[in-house]
Amino acid sequence: MKKRLRVGVILALLITFSLPTYAGQFGATGLVTIPTADILAPTELNLAYQRLDASGDLLGVDYGIKEGVQLGVGVEWPEGITEEVEVFPKLRVKLVEETKNIPAVAAGFIDRDRYLVASKSTPYYGLRAHLGVGDKGQFEDNFFVGVTRILNPVSVSSGDSSFELPLTTMLAEYNGGLNLGFKFEFLPEINANLGVKDLTDQQDFTFGVNFKNEF
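These numbers were taken from a predicted model, which means no experiment stands behind them. (Residues numbered from 1 in each chain as written. Predicted model: local features only at pLDDT ≥ 70, side-chain atom pairs only at ≥ 80, totals over all residues. Heavy atoms only, no water.)

**Q** Requested: an account of the sheet that holds strand S7 (residues 127–134), with residues and values cited.
**A** Here we have twelve strands rolled up into a closed barrel, ordered S1-S2-S3-S4-S5-S6-S7-S8-S11-S12-S13-S14, and antiparallel in their pairing. Shown here is a sheet whose adjacent strand axes are inclined to one another by a mean of 20°, direction ignored. Here strand S3 (residues 69–77) pairs with strand S4 (residues 86–96) via eight bridges, running antiparallel. Among the inter-strand pairings, Val73 is bridged to a residue of S4, identified as Pro89. (Pairing = 2+ DSSP bridges. Helix = DSSP H or I, 4+ residues; strand = E, 2+ residues; numbered from the N terminus. Axes fitted to C-alpha atoms, helices over the stretch in contact; angles between N-to-C directions.)

This is the structure in structure tokens:
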């Protein structure tokens, strides 16, 4: 009962805020609007498209240029694809590798905003935790926190037929507000995502696709 009460209080505090940033800015190595300490492997390329309901489009390219370093660029249409575009650089460098007792730590920037993030797998319900600080352009309260959980593929049966849902990752984060989402891995190279941003405000829906491969 006490655990449920604590969870309820935390959720109540989270949903009292709103969030100004765009979804999908961190591609396959991010949650809804926040980064993780994960880095693309050397020579690995990630291409991403993200749509934020009625508010804009985002294209992103990230590349693992060497071990522990990824470089990228984003292209954003804040008010629709017919409007003037904004192009911004992205960089992330892993500072510490994750071990049994130590989280992975990475530093980076997106456009003019810097951030530092730590990610660690936990023994609790398969959750992976993410905690970081950054400039207010991307992180309204100068900090952010998130959790991810990989869900096993689920087989759905109907009469004599059955099919298996893709590997699914649940996303939940606080970044000036509460955002929820899911990633669906159809192939190792292709995944799609769905999310709800600004849960207590406009409740914008976001969706996107990522293509990842080595080049």
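**Q** Before we move on, could you go through the environment of Leu91 and cite the residues and values that matter?
**A** Within the secondary structure, Leu91 is located in strand S4. Separated by 16 residues in sequence, Leu91 and Ala107 place their C-alpha atoms 8.3 Å apart.

**Q** I'd love a proper account of the pattern of salt bridges, names of residues and values included.
**A** Tallied over the entire structure, the rule returns seven salt bridges. Residue Glu98 pairs with Arg128 through a salt bridge whose shortest N-O separation is 2.7 Å. With a gap of 30 residues between them, Glu98 in the loop between S4 and strand S5 (104–110) and Arg128 in strand S7 connect regions that are remote in the sequence. Residues Asp135 and Arg114 are paired through a salt bridge, measuring 3.0 Å at the closest nitrogen-oxygen approach. With Asp135 in the loop between S7 and strand S8 (143–151) and Arg114 in strand S6 (residues 113–121), this pair connects stretches of sequence that are 21 residues apart. Within the structure, one salt-bridge network assembled from shared partners comprises Asp38, Glu98 and Arg128. (Salt bridge = Lys/Arg side-chain N within 4 Å of Asp/Glu carboxyl O.)

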